[in-house]
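Here is how the chains run, residue by residue.
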Amino acid sequence: MMIAVIGLGFVGLTTALGLATQTGRLVYAYDSNANLRAKLKSGEVPFHEPGLKDKLHELLGSGLIICDTLAEALEHTSIIFYCVGTPSRPDGAADLDALTGAIRQSLPLLRKDSYCTLVIKSTVPPMTTTDVLAPLLKNSGHMVGESVGLAHNPEFLREGRAWQDFIHPDRIVIGACDAYSMRQLEQLYEPFGAPVLAVSPGTAEFTKMASNALLATMISFSNELAALAEGSPEIDISQAFRLLHADGRWQGGGMASYVYPGCGFGGYCLPKDTLSLYRYSQKIGRESTLLGGVLAVNVRTKRAFAERVVAAAGPKSKVAVLGLAFKPGSDDVRETPAADIITHLLELGVTDIVAYDPLAISRFRDVYGFPIRYAHSLEEALEGRDLAALVTAWPEFTARQLLFERVQVIDGRYCLGKREFVLPTQLRRS
Ligand SMILES: NC(=O)c1ccc[n+]([C@@H]2O[C@H](COP(=O)([O-])OP(=O)(O)OC[C@H]3O[C@@H](n4cnc5c(N)ncnc54)[C@H](O)[C@@H]3O)[C@@H](O)[C@H]2O)c1
(Lines give C-alpha, C1' and ligand atoms only; values in the text may rest on other atoms or scores of the structure.)
Protein backbone atom coordinates (compact mmCIF):
# COMPACT_ATOMS: atom_id res chain seq x y z
CA MET A 1 0.00 0.00 0.00
CA MET A 2 1.71 3.18 -1.17
CA ILE A 3 0.68 6.56 0.18
CA ALA A 4 0.09 9.98 -1.38
CA VAL A 5 0.04 13.22 0.58
CA ILE A 6 -1.47 16.30 -1.06
CA GLY A 7 -0.56 19.72 0.36
CA LEU A 8 2.89 20.01 1.94
CA GLY A 9 2.60 22.79 4.52
CA PHE A 10 3.07 22.24 8.27
CA VAL A 11 0.62 19.35 8.41
CA GLY A 12 1.26 17.76 5.01
CA LEU A 13 5.04 17.69 5.18
CA THR A 14 4.94 16.34 8.74
CA THR A 15 2.36 13.72 7.72
CA ALA A 16 4.38 12.64 4.68
CA LEU A 17 7.64 12.31 6.62
CA GLY A 18 5.95 10.77 9.67
CA LEU A 19 4.07 8.12 7.67
CA ALA A 20 7.21 7.24 5.67
CA THR A 21 9.18 6.87 8.92
CA GLN A 22 6.67 4.94 11.00
CA THR A 23 5.18 2.66 8.33
CA GLY A 24 8.26 2.17 6.13
CA ARG A 25 6.05 2.70 3.09
CA LEU A 26 6.91 4.87 0.13
CA VAL A 27 5.14 8.26 0.25
CA TYR A 28 4.46 10.28 -2.90
CA ALA A 29 3.96 13.93 -1.99
CA TYR A 30 2.57 16.80 -4.04
CA ASP A 31 1.88 20.50 -3.46
CA SER A 32 0.39 22.83 -6.09
CA ASN A 33 2.96 25.50 -5.12
CA ALA A 34 5.90 24.96 -7.52
CA ASN A 35 8.18 27.17 -5.44
CA LEU A 36 7.55 25.05 -2.34
CA ARG A 37 8.12 21.82 -4.30
CA ALA A 38 11.47 23.13 -5.57
CA LYS A 39 12.57 24.07 -2.04
CA LEU A 40 11.58 20.70 -0.62
CA LYS A 41 13.34 18.88 -3.46
CA SER A 42 16.52 20.74 -2.60
CA GLY A 43 16.14 19.70 1.05
CA GLU A 44 14.94 23.07 2.34
CA VAL A 45 12.01 23.34 4.76
CA PRO A 46 10.63 26.87 4.29
CA PHE A 47 9.28 27.21 7.85
CA HIS A 48 10.71 26.62 11.32
CA GLU A 49 9.74 23.20 12.62
CA PRO A 50 12.33 21.27 14.69
CA GLY A 51 13.33 17.89 13.28
CA LEU A 52 11.69 18.18 9.86
CA LYS A 53 14.77 19.22 7.92
CA ASP A 54 16.85 16.26 9.15
CA LYS A 55 14.01 13.88 8.34
CA LEU A 56 13.59 15.40 4.88
CA HIS A 57 17.30 14.91 4.17
CA GLU A 58 17.11 11.32 5.39
CA LEU A 59 14.05 10.35 3.34
CA LEU A 60 14.22 12.47 0.20
CA GLY A 61 14.33 10.21 -2.84
CA SER A 62 14.06 7.02 -0.78
CA GLY A 63 11.03 7.02 1.57
CA LEU A 64 9.63 10.29 0.22
CA ILE A 65 9.21 11.30 -3.41
CA ILE A 66 8.28 14.94 -4.08
CA CYS A 67 6.22 14.79 -7.29
CA ASP A 68 5.90 17.53 -9.90
CA THR A 69 2.37 16.58 -10.87
CA LEU A 70 -0.67 15.28 -9.07
CA ALA A 71 -0.87 12.45 -11.63
CA GLU A 72 2.62 11.29 -10.66
CA ALA A 73 1.68 11.35 -6.96
CA LEU A 74 -1.46 9.28 -7.48
CA GLU A 75 -0.16 6.82 -10.07
CA HIS A 76 0.88 4.12 -7.61
CA THR A 77 -1.09 5.00 -4.51
CA SER A 78 -4.24 3.57 -2.98
CA ILE A 79 -4.48 5.84 0.04
CA ILE A 80 -4.40 9.62 -0.31
CA PHE A 81 -4.08 12.11 2.55
CA TYR A 82 -5.40 15.64 1.88
CA CYS A 83 -3.61 18.26 3.97
CA VAL A 84 -4.47 21.45 2.08
CA GLY A 85 -5.43 24.70 3.81
CA THR A 86 -8.97 25.55 4.95
CA PRO A 87 -8.72 29.29 5.66
CA SER A 88 -11.57 31.59 6.69
CA ARG A 89 -13.83 33.02 4.00
CA PRO A 90 -14.62 36.75 4.36
CA ASP A 91 -17.79 35.80 6.31
CA GLY A 92 -15.74 33.65 8.73
CA ALA A 93 -16.98 30.25 7.52
CA ALA A 94 -14.31 27.73 6.44
CA ASP A 95 -13.27 28.06 2.81
CA LEU A 96 -13.28 24.50 1.44
CA ASP A 97 -12.31 25.44 -2.12
CA ALA A 98 -8.70 24.15 -1.89
CA LEU A 99 -9.94 20.85 -0.45
CA THR A 100 -12.81 20.25 -2.87
CA GLY A 101 -10.55 21.47 -5.72
CA ALA A 102 -7.79 18.99 -4.78
CA ILE A 103 -10.33 16.15 -4.55
CA ARG A 104 -11.92 17.07 -7.90
CA GLN A 105 -8.49 17.14 -9.56
CA SER A 106 -7.65 13.75 -8.04
CA LEU A 107 -10.74 11.80 -9.07
CA PRO A 108 -9.91 11.31 -12.77
CA LEU A 109 -6.38 10.28 -11.75
CA LEU A 110 -7.30 7.54 -9.24
CA ARG A 111 -6.01 4.06 -9.98
CA LYS A 112 -8.62 2.01 -11.82
CA ASP A 113 -7.19 -1.33 -10.65
CA SER A 114 -7.55 -0.76 -6.94
CA TYR A 115 -9.87 0.63 -4.28
CA CYS A 116 -8.57 4.12 -3.33
CA THR A 117 -9.20 5.70 0.05
CA LEU A 118 -9.36 9.47 0.37
CA VAL A 119 -8.37 10.60 3.87
CA ILE A 120 -9.06 14.19 4.92
CA LYS A 121 -6.59 15.63 7.42
CA SER A 122 -7.51 19.27 6.77
CA THR A 123 -9.68 20.74 9.52
CA VAL A 124 -13.27 21.15 8.30
CA PRO A 125 -16.61 22.13 9.89
CA PRO A 126 -18.77 19.32 11.28
CA MET A 127 -20.69 17.31 8.67
CA THR A 128 -18.44 18.34 5.76
CA THR A 129 -17.58 14.73 4.87
CA THR A 130 -21.20 13.61 4.81
CA ASP A 131 -22.85 16.75 3.41
CA VAL A 132 -20.18 18.02 1.00
CA LEU A 133 -17.47 15.45 0.19
CA ALA A 134 -19.48 12.21 -0.14
CA PRO A 135 -22.00 13.94 -2.48
CA LEU A 136 -19.07 15.43 -4.46
CA LEU A 137 -17.69 11.91 -4.99
CA LYS A 138 -21.13 10.52 -5.84
CA ASN A 139 -21.81 13.27 -8.39
CA SER A 140 -18.48 12.42 -10.04
CA GLY A 141 -19.47 8.77 -10.38
CA HIS A 142 -17.55 7.45 -7.34
CA MET A 143 -19.72 5.66 -4.80
CA VAL A 144 -18.18 5.60 -1.32
CA GLY A 145 -17.84 1.99 -0.18
CA GLU A 146 -17.95 0.66 -3.76
CA SER A 147 -15.15 2.23 -5.83
CA VAL A 148 -13.60 4.59 -3.28
CA GLY A 149 -13.22 4.96 0.48
CA LEU A 150 -13.59 8.21 2.42
CA ALA A 151 -12.48 9.08 5.95
CA HIS A 152 -11.85 12.09 8.15
CA ASN A 153 -8.66 11.77 10.21
CA PRO A 154 -8.13 15.03 12.14
CA GLU A 155 -4.63 16.17 13.01
CA PHE A 156 -3.87 17.43 16.52
CA LEU A 157 -0.20 18.42 16.14
CA ARG A 158 1.04 21.72 17.55
CA GLU A 159 3.29 24.00 15.53
CA GLY A 160 6.78 24.10 16.98
CA ARG A 161 6.34 20.46 18.10
CA ALA A 162 4.84 19.06 14.91
CA TRP A 163 7.25 16.15 14.49
CA GLN A 164 7.08 14.92 18.10
CA ASP A 165 3.31 15.32 18.21
CA PHE A 166 2.84 13.40 14.95
CA ILE A 167 5.19 10.56 15.85
CA HIS A 168 3.87 10.23 19.42
CA PRO A 169 0.14 11.03 19.19
CA ASP A 170 -2.11 10.66 22.27
CA ARG A 171 -4.87 9.27 20.07
CA ILE A 172 -5.65 8.70 16.43
CA VAL A 173 -9.21 9.59 15.52
CA ILE A 174 -10.73 8.06 12.40
CA GLY A 175 -14.17 8.89 11.08
CA ALA A 176 -14.48 6.47 8.18
CA CYS A 177 -17.49 6.28 5.88
CA ASP A 178 -16.73 2.66 4.90
CA ALA A 179 -15.36 -0.43 6.63
CA TYR A 180 -12.49 -0.98 4.19
CA SER A 181 -11.04 2.53 4.80
CA MET A 182 -11.29 1.99 8.54
CA ARG A 183 -9.33 -1.29 8.33
CA GLN A 184 -6.74 0.28 6.00
CA LEU A 185 -6.16 3.20 8.37
CA GLU A 186 -6.09 1.01 11.47
CA GLN A 187 -3.39 -1.10 9.82
CA LEU A 188 -1.44 1.95 8.64
CA TYR A 189 -1.43 3.56 12.10
CA GLU A 190 -0.59 0.37 14.00
CA PRO A 191 3.17 1.15 14.22
CA PHE A 192 2.39 4.42 16.03
CA GLY A 193 1.31 2.45 19.12
CA ALA A 194 -1.44 4.97 20.01
CA PRO A 195 -5.11 4.17 20.59
CA VAL A 196 -7.01 4.27 17.28
CA LEU A 197 -10.54 5.52 17.92
CA ALA A 198 -13.20 4.76 15.33
CA VAL A 199 -16.01 7.30 15.26
CA SER A 200 -18.45 8.72 12.70
CA PRO A 201 -16.98 11.29 10.24
CA GLY A 202 -19.07 14.05 11.85
CA THR A 203 -17.75 13.13 15.31
CA ALA A 204 -14.15 13.22 14.04
CA GLU A 205 -14.67 16.65 12.45
CA PHE A 206 -16.48 17.98 15.50
CA THR A 207 -13.80 16.69 17.90
CA LYS A 208 -11.05 18.61 16.12
CA MET A 209 -13.08 21.84 16.06
CA ALA A 210 -14.06 21.33 19.70
CA SER A 211 -10.41 20.85 20.66
CA ASN A 212 -9.36 24.17 19.12
CA ALA A 213 -12.43 25.99 20.42
CA LEU A 214 -11.68 24.69 23.94
CA LEU A 215 -8.08 25.97 23.79
CA ALA A 216 -9.30 29.35 22.51
CA THR A 217 -11.90 29.48 25.29
CA MET A 218 -9.28 28.84 27.99
CA ILE A 219 -7.14 31.66 26.59
CA SER A 220 -10.03 34.13 26.35
CA PHE A 221 -11.20 33.11 29.84
CA SER A 222 -7.72 33.93 31.15
CA ASN A 223 -7.61 37.25 29.30
CA GLU A 224 -11.09 38.21 30.51
CA LEU A 225 -10.11 37.52 34.13
CA ALA A 226 -6.75 39.27 33.77
CA ALA A 227 -8.62 42.34 32.50
CA LEU A 228 -10.76 42.27 35.68
CA ALA A 229 -7.63 42.15 37.85
CA GLU A 230 -5.61 44.68 35.86
CA GLY A 231 -6.98 47.74 37.71
CA SER A 232 -6.04 46.45 41.19
CA PRO A 233 -2.26 46.72 41.73
CA GLU A 234 -2.48 44.40 44.74
CA ILE A 235 -3.46 41.47 42.50
CA ASP A 236 -0.42 39.79 40.97
CA ILE A 237 -1.91 38.32 37.79
CA SER A 238 1.04 36.08 37.04
CA GLN A 239 0.97 34.62 40.57
CA ALA A 240 -2.80 34.15 40.48
CA PHE A 241 -2.68 32.06 37.31
CA ARG A 242 0.29 30.05 38.50
CA LEU A 243 -1.74 29.27 41.60
CA LEU A 244 -4.53 27.99 39.34
CA HIS A 245 -1.97 25.70 37.70
CA ALA A 246 -1.02 24.36 41.14
CA ASP A 247 -4.30 22.43 41.10
CA GLY A 248 -3.05 18.91 40.32
CA ARG A 249 -5.74 18.40 37.69
CA TRP A 250 -3.90 20.84 35.41
CA GLN A 251 -0.49 19.21 35.73
CA GLY A 252 1.16 17.32 32.90
CA GLY A 253 0.49 17.52 29.20
CA GLY A 254 0.94 21.28 28.88
CA MET A 255 -2.76 22.24 29.14
CA ALA A 256 -1.98 24.81 31.84
CA SER A 257 -0.16 26.96 29.27
CA TYR A 258 -3.56 27.78 27.75
CA VAL A 259 -4.92 28.91 31.13
CA TYR A 260 -2.71 31.95 31.36
CA PRO A 261 -3.37 35.48 30.20
CA GLY A 262 -1.59 37.13 27.29
CA CYS A 263 -2.39 39.60 24.56
CA GLY A 264 -4.65 37.37 22.50
CA PHE A 265 -4.52 34.05 20.68
CA GLY A 266 -3.41 33.76 17.06
CA GLY A 267 -1.86 31.32 14.60
CA TYR A 268 -3.49 29.49 11.75
CA CYS A 269 -5.87 27.27 13.68
CA LEU A 270 -7.42 28.73 16.84
CA PRO A 271 -8.84 31.94 15.32
CA LYS A 272 -10.16 30.40 12.10
CA ASP A 273 -11.49 27.19 13.64
CA THR A 274 -13.24 28.96 16.53
CA LEU A 275 -14.78 31.39 14.05
CA SER A 276 -15.73 28.55 11.72
CA LEU A 277 -17.46 26.66 14.57
CA TYR A 278 -19.22 29.87 15.62
CA ARG A 279 -20.46 30.36 12.03
CA TYR A 280 -21.56 26.73 12.00
CA SER A 281 -23.58 27.34 15.18
CA GLN A 282 -25.30 30.26 13.46
CA LYS A 283 -25.90 28.26 10.29
CA ILE A 284 -27.75 25.53 12.19
CA GLY A 285 -29.77 28.14 14.13
CA ARG A 286 -28.07 27.56 17.52
CA GLU A 287 -25.78 30.54 17.81
CA SER A 288 -23.10 29.88 20.43
CA THR A 289 -23.02 32.83 22.83
CA LEU A 290 -19.89 31.43 24.46
CA LEU A 291 -17.88 31.10 21.22
CA GLY A 292 -19.03 34.59 20.17
CA GLY A 293 -17.70 35.84 23.50
CA VAL A 294 -14.40 33.98 23.13
CA LEU A 295 -13.83 35.69 19.77
CA ALA A 296 -14.94 39.11 21.05
CA VAL A 297 -12.60 38.87 24.07
CA ASN A 298 -9.75 38.04 21.71
CA VAL A 299 -10.38 41.14 19.60
CA ARG A 300 -10.76 43.31 22.71
CA THR A 301 -7.60 41.93 24.36
CA LYS A 302 -5.35 42.98 21.47
CA ARG A 303 -6.95 46.43 21.29
CA ALA A 304 -6.72 46.91 25.08
CA PHE A 305 -3.04 45.97 25.03
CA ALA A 306 -2.28 48.63 22.39
CA GLU A 307 -4.28 51.16 24.45
CA ARG A 308 -2.22 50.28 27.56
CA VAL A 309 0.96 50.95 25.60
CA VAL A 310 -0.26 54.34 24.42
CA ALA A 311 -1.62 55.26 27.86
CA ALA A 312 1.76 54.45 29.40
CA ALA A 313 4.00 56.25 26.93
CA GLY A 314 1.88 58.56 24.76
CA PRO A 315 1.38 58.46 20.98
CA LYS A 316 4.59 60.35 20.23
CA SER A 317 6.71 57.79 22.04
CA LYS A 318 9.31 55.46 20.55
CA VAL A 319 8.03 51.92 20.98
CA ALA A 320 9.75 48.54 20.63
CA VAL A 321 7.43 45.63 19.79
CA LEU A 322 9.05 42.43 21.06
CA GLY A 323 7.81 39.26 19.41
CA LEU A 324 6.11 38.87 16.03
CA ALA A 325 5.53 35.09 15.78
CA PHE A 326 2.14 33.94 17.09
CA LYS A 327 3.91 31.90 19.76
CA PRO A 328 7.48 31.23 20.90
CA GLY A 329 9.31 28.43 19.09
CA SER A 330 7.63 29.15 15.75
CA ASP A 331 8.15 31.53 12.83
CA ASP A 332 4.48 31.33 11.83
CA VAL A 333 2.92 34.79 11.65
CA ARG A 334 -0.54 33.81 10.39
CA GLU A 335 -3.16 35.71 12.46
CA THR A 336 -0.41 36.67 14.89
CA PRO A 337 -1.56 39.08 17.65
CA ALA A 338 1.49 41.24 16.85
CA ALA A 339 -0.07 42.26 13.52
CA ASP A 340 -3.31 43.48 15.11
CA ILE A 341 -1.43 45.19 17.94
CA ILE A 342 0.84 47.07 15.50
CA THR A 343 -2.22 48.02 13.43
CA HIS A 344 -3.87 49.45 16.58
CA LEU A 345 -0.69 51.27 17.63
CA LEU A 346 -0.44 52.90 14.20
CA GLU A 347 -4.14 53.86 14.35
CA LEU A 348 -3.57 55.37 17.80
CA GLY A 349 -0.80 57.57 16.41
CA VAL A 350 2.31 55.62 17.42
CA THR A 351 4.43 55.84 14.28
CA ASP A 352 7.95 55.27 15.61
CA ILE A 353 7.95 51.48 16.03
CA VAL A 354 10.91 49.11 16.00
CA ALA A 355 10.04 45.40 16.00
CA TYR A 356 12.16 42.41 16.94
CA ASP A 357 11.65 38.64 16.89
CA PRO A 358 14.30 35.91 17.14
CA LEU A 359 12.84 33.93 14.18
CA ALA A 360 9.95 35.56 12.39
CA ILE A 361 11.10 38.97 11.12
CA SER A 362 11.48 38.24 7.41
CA ARG A 363 8.20 36.29 7.23
CA PHE A 364 6.35 39.05 9.15
CA ARG A 365 7.81 41.81 6.98
CA ASP A 366 6.84 39.95 3.77
CA VAL A 367 3.28 39.22 4.88
CA TYR A 368 2.30 42.51 6.53
CA GLY A 369 4.45 45.31 5.03
CA PHE A 370 3.92 47.70 7.98
CA PRO A 371 5.69 51.10 7.89
CA ILE A 372 7.93 50.17 10.83
CA ARG A 373 11.62 49.33 11.33
CA TYR A 374 13.04 45.94 12.31
CA ALA A 375 15.96 45.29 14.66
CA HIS A 376 18.49 42.47 14.37
CA SER A 377 18.88 41.97 18.11
CA LEU A 378 17.10 42.66 21.38
CA GLU A 379 19.74 45.26 22.25
CA GLU A 380 19.16 47.08 18.96
CA ALA A 381 15.38 46.93 19.44
CA LEU A 382 15.63 48.58 22.89
CA GLU A 383 18.18 51.23 21.91
CA GLY A 384 16.68 54.71 22.47
CA ARG A 385 13.15 53.36 23.05
CA ASP A 386 10.70 54.90 25.55
CA LEU A 387 8.74 51.69 25.96
CA ALA A 388 8.93 48.00 25.09
CA ALA A 389 5.69 46.13 24.36
CA LEU A 390 6.30 42.42 24.94
CA VAL A 391 3.94 40.51 22.65
CA THR A 392 5.42 36.98 22.31
CA ALA A 393 6.86 35.16 25.34
CA TRP A 394 10.17 34.13 23.76
CA PRO A 395 12.58 32.56 26.29
CA GLU A 396 15.19 35.11 25.12
CA PHE A 397 13.13 37.90 26.68
CA THR A 398 12.80 36.20 30.06
CA ALA A 399 16.45 35.10 30.03
CA ARG A 400 17.75 38.62 29.32
CA GLN A 401 15.56 40.67 31.64
CA LEU A 402 18.48 42.85 32.73
CA LEU A 403 18.27 44.55 29.34
CA PHE A 404 14.84 45.87 30.28
CA GLU A 405 16.07 47.81 33.30
CA ARG A 406 16.40 51.11 31.46
CA VAL A 407 13.13 50.97 29.57
CA GLN A 408 9.49 50.87 30.59
CA VAL A 409 8.00 47.48 29.67
CA ILE A 410 4.38 46.50 29.12
CA ASP A 411 4.53 42.74 29.51
CA GLY A 412 1.62 41.46 27.42
CA ARG A 413 2.46 37.85 28.28
CA TYR A 414 2.96 38.20 32.05
CA CYS A 415 6.28 36.39 31.69
CA LEU A 416 8.86 38.82 33.10
CA GLY A 417 10.06 38.98 36.69
CA LYS A 418 7.74 36.29 38.01
CA ARG A 419 7.55 36.90 41.72
CA GLU A 420 7.74 33.96 44.07
CA PHE A 421 4.92 33.07 46.38
CA VAL A 422 6.30 34.86 49.46
CA LEU A 423 3.95 35.76 52.27
CA PRO A 424 4.00 39.41 53.36
CA THR A 425 6.29 39.78 56.42
CA GLN A 426 3.47 40.51 58.84
CA LEU A 427 1.77 37.21 57.96
CA ARG A 428 4.85 35.01 58.33
CA ARG A 429 5.09 32.90 61.44
CA SER A 430 7.92 34.02 63.68
N1 LIG B 1 -0.87 24.28 11.24
C2 LIG B 1 -1.32 23.56 12.23
O3 LIG B 1 -0.84 23.63 13.38
C4 LIG B 1 -2.45 22.59 12.01
C5 LIG B 1 -2.70 21.59 12.97
C6 LIG B 1 -3.73 20.68 12.75
C7 LIG B 1 -4.53 20.81 11.62
N8 LIG B 1 -4.30 21.82 10.72
C9 LIG B 1 -5.15 21.89 9.53
O10 LIG B 1 -4.46 21.23 8.45
C11 LIG B 1 -4.70 21.91 7.22
C12 LIG B 1 -3.38 22.38 6.63
O13 LIG B 1 -2.76 23.29 7.54
P14 LIG B 1 -1.27 23.82 7.28
O15 LIG B 1 -0.92 24.66 8.45
O16 LIG B 1 -0.41 22.67 6.91
O17 LIG B 1 -1.52 24.74 6.00
P18 LIG B 1 -0.43 25.32 5.00
O19 LIG B 1 -1.05 26.55 4.44
O20 LIG B 1 0.88 25.42 5.70
O21 LIG B 1 -0.30 24.21 3.86
C22 LIG B 1 -1.31 23.91 2.94
C23 LIG B 1 -0.63 23.54 1.63
O24 LIG B 1 -1.62 23.05 0.71
C25 LIG B 1 -1.21 23.44 -0.60
N26 LIG B 1 -2.36 23.33 -1.51
C27 LIG B 1 -3.45 24.11 -1.59
N28 LIG B 1 -4.28 23.66 -2.58
C29 LIG B 1 -3.68 22.56 -3.10
C30 LIG B 1 -4.04 21.65 -4.14
N31 LIG B 1 -5.18 21.77 -4.83
N32 LIG B 1 -3.20 20.64 -4.43
C33 LIG B 1 -2.03 20.50 -3.76
N34 LIG B 1 -1.64 21.33 -2.76
C35 LIG B 1 -2.46 22.34 -2.44
C36 LIG B 1 -0.69 24.85 -0.41
O37 LIG B 1 0.15 25.24 -1.47
C38 LIG B 1 0.04 24.75 0.93
O39 LIG B 1 1.42 24.50 0.76
C40 LIG B 1 -5.66 23.05 7.56
O41 LIG B 1 -6.98 22.61 7.35
C42 LIG B 1 -5.42 23.30 9.04
O43 LIG B 1 -6.54 23.87 9.68
C44 LIG B 1 -3.26 22.69 10.88
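As annotated in an unreviewed UniProt entry, the protein chain carries the name UDP-glucose 6-dehydrogenase and is attributed to Paenibacillus oryzisoli. Of the protein chain, the UniProt comment under Sequence similarities (unreviewed entry) reads exactly: "Belongs to the UDP-glucose/GDP-mannose dehydrogenase family." In the Catalytic activity (unreviewed entry) part of its UniProt record, the protein chain is described as follows: "UDP-alpha-D-glucose + 2 NAD(+) + H2O = UDP-alpha-D-glucuronate + 2 NADH + 3 H(+)".

A.B. asks: Could you give me a rundown of the overall build of the protein chain, with the residues and numbers involved?
C.D. replies: Within the protein chain, the regular secondary structure consists of 16 helices and 13 strands. Buried positions account for 53% of the 430 residues belonging to the protein chain. Excluding contacts between residues fewer than 6 apart, the proportion of contacts in the protein chain whose partners are at least 24 apart in sequence is 73%. A total of about 19400 Å² of accessible surface is found on the protein chain, and carbon and sulfur atoms cover 54% of it. One finds the centroid of the 42 positive side-chain charges in the protein chain at a distance of 2 Å from the centroid of its 46 negative side-chain charges.

A.B. asks: Account for the sheet that holds strand 4 (residues 79–82), naming residues and giving values.
C.D. replies: Taken in spatial order, the eight strands make up an open sheet running 3-2-1-4-5-6-7-8, and their pairing is mixed. With one partner strand each, in any of the chains shown, strand 3 (64–66) and strand 8 (196–199) form the two edges of the open sheet. Across this sheet, the average inter-strand angle for adjacent strands is 25 degrees, counted without regard to direction. Where strand 5 (residues 116–120) lies against strand 6 (residues 148–152), five bridges are found, and the strand directions are parallel. Considered in strand 6, the bridge of Thr 117 is made with Gly 149. The strands that helix 9 (residues 201–229) touches are strand 6, strand 7 (172–176) and strand 8; relative to strand 7, the one it contacts most, it runs at about 140 degrees.

A.B. asks: So, the nonpolar core: which residues are in play, and what are the values?
C.D. replies: A general feature of soluble globular proteins is that nonpolar side chains tend to end up buried together. One finds Val 321, Leu 322, Leu 324, Leu 345 and Phe 364 to be the most contacted residues of the largest nonpolar core, which totals 44 residues. Listing elements by their share of this core, those giving two or more residues are helix 12 (289–313), strand 9 (318–322), helix 13 (337–347), strand 10 (352–356), helix 14 (361–368), helix 15 (378–382) and strand 12 (387–390). At five residues, helix 13 tops the list of elements feeding residues into this core. When residues no more than four places from it in sequence are discounted, the contact partners of Leu 322 are Tyr 356, Leu 378, Ala 381, Leu 382, Ala 388, Ala 389, Leu 390, Val 391, Thr 392, Phe 397 and Phe 404. Judged by nonpolar contacts, the second largest core, of 37 residues, contains Leu 13, Val 45, Ile 66 and Ala 194.

A.B. asks: Can you tell me about a nonpolar patch on the surface, naming the residues and giving the values?
C.D. replies: A contiguous nonpolar patch, built from Phe 221, Leu 225, Leu 228 and Leu 244 and spanning about 380 Å² of accessible area, is present on the exposed surface. Broken down by element, the nonpolar patch gets its largest block of residues, three residues, from helix 9. The residue Leu 225 is located in helix 9 in this model. Leu 225 sits in the partly exposed class, given a relative accessible area of 34%.

A.B. asks: How would you explain the sheet that holds strand 12 if you had to name every residue and give the values?
C.D. replies: The strand order across the open sheet built from five strands is 11-10-9-12-13, with neighbouring strands paired in parallel fashion. Every other strand in the sheet has two partners, leaving strand 11 (373–374) and strand 13 (408–411) as the edge strands with one partner each. Bridging between strand 10 and strand 11 involves two bridges; their strand directions are parallel. Counterpart to Ala 355 in the pairing with strand 11 is Tyr 374.

A.B. asks: Which residues make up the UniProt feature "binding site: NAD(+)" (unreviewed entry) in the protein chain, and what are the values?
C.D. replies: Feature annotation in UniProt assigns "binding site: NAD(+)" (unreviewed entry) to the following positions: Asp 31, Thr 86, Thr 123, Glu 159, Lys 272 and Arg 334. Relative to the assigned elements, Asp 31 resides in the loop between strand 2 (27–30) and helix 2 (34–41). Owing to a relative accessible area of 10%, Asp 31 belongs among the buried residues under this scheme. A polar contact of 2.7 Å, which involves the side chain of Asp 31, links it to the backbone nitrogen of Leu 8. Given the relative accessible area of 30%, Arg 334 is considered partly exposed. Apart from the residues within four sequence positions on either side, Arg 334 is in contact with Phe 10, Glu 159, Gly 266, Gly 267, Tyr 268, Phe 326 and Tyr 368. Only 3.3 Å separates the side chain of Arg 334 from the side chain of Glu 159, close enough to count as a polar contact.

Parameters and conventions
- Note that residues are indexed from 1 along each chain, following the sequence as it is written.
- Selection of residues for local features in this predicted model requires a pLDDT of at least 70, selection of side-chain atom pairs for listing and counting requires 80 or more, and totals for whole chains, interfaces and linings are taken over all residues.
- No hydrogens and no water enter the side-chain calculation; it runs on all heavy atoms of the structure.
- UniProt positions are given in the numbering used here, feature names are shortened, and annotations may be inferred rather than shown by experiment.
- Helix and strand assignments follow DSSP, with helices taken as H or I runs no shorter than four residues and strands as E runs no shorter than two, numbered in order from the N terminus.
- The buried label applies to any residue whose accessible area, calculated with a 1.4 Å probe on protein chains only, is under 20% of its type's maximum; exposed applies above 50%, and partly exposed to all values in between.
- Note on contacts: a residue pair is in contact if any heavy atoms of the two residues lie within 4.5 Å.
- Areas reported as accessible are Shrake-Rupley estimates using a 1.4 Å probe. Residue values count occlusion only from the protein chains shown.
- For the charge count, each Lys or Arg is scored as positive and each Asp or Glu as negative, with His and the chain ends excluded.
- Here the site of a charge means atom NZ of a Lys, CZ of an Arg, CG of an Asp or CD of a Glu.
- Pairing between strands requires that DSSP locate at least two bridges from one strand to the other.
- To get an axis, a line is fitted to the C-alpha atoms, and for a helix only the part in contact is used. The angle between two axes follows their N-to-C directions and goes from 0 to 180 degrees.
- Put simply, a nonpolar core is a bunch of buried Ala, Val, Leu, Ile, Met, Phe, Trp, Tyr and Cys residues held in one set by side-chain atoms that sit within 4.5 Å of each other.
- Patches here: salt-bridge-free residues with over 30% relative accessible area, like charges joined within 9 Å, nonpolar side chains (Val, Leu, Ile, Met, Phe, Trp, Tyr) joined within 5 Å.
- The term salt bridge refers to a pairing of a side-chain nitrogen on Lys or Arg with a carboxyl oxygen on Asp or Glu at a separation within 4 Å.
- Two N or O atoms count as a polar contact when they lie within 3.5 Å, although within protein this holds only if one can serve as hydrogen donor and the other as acceptor, and sequence-adjacent residues are included solely when both atoms are side-chain atoms.

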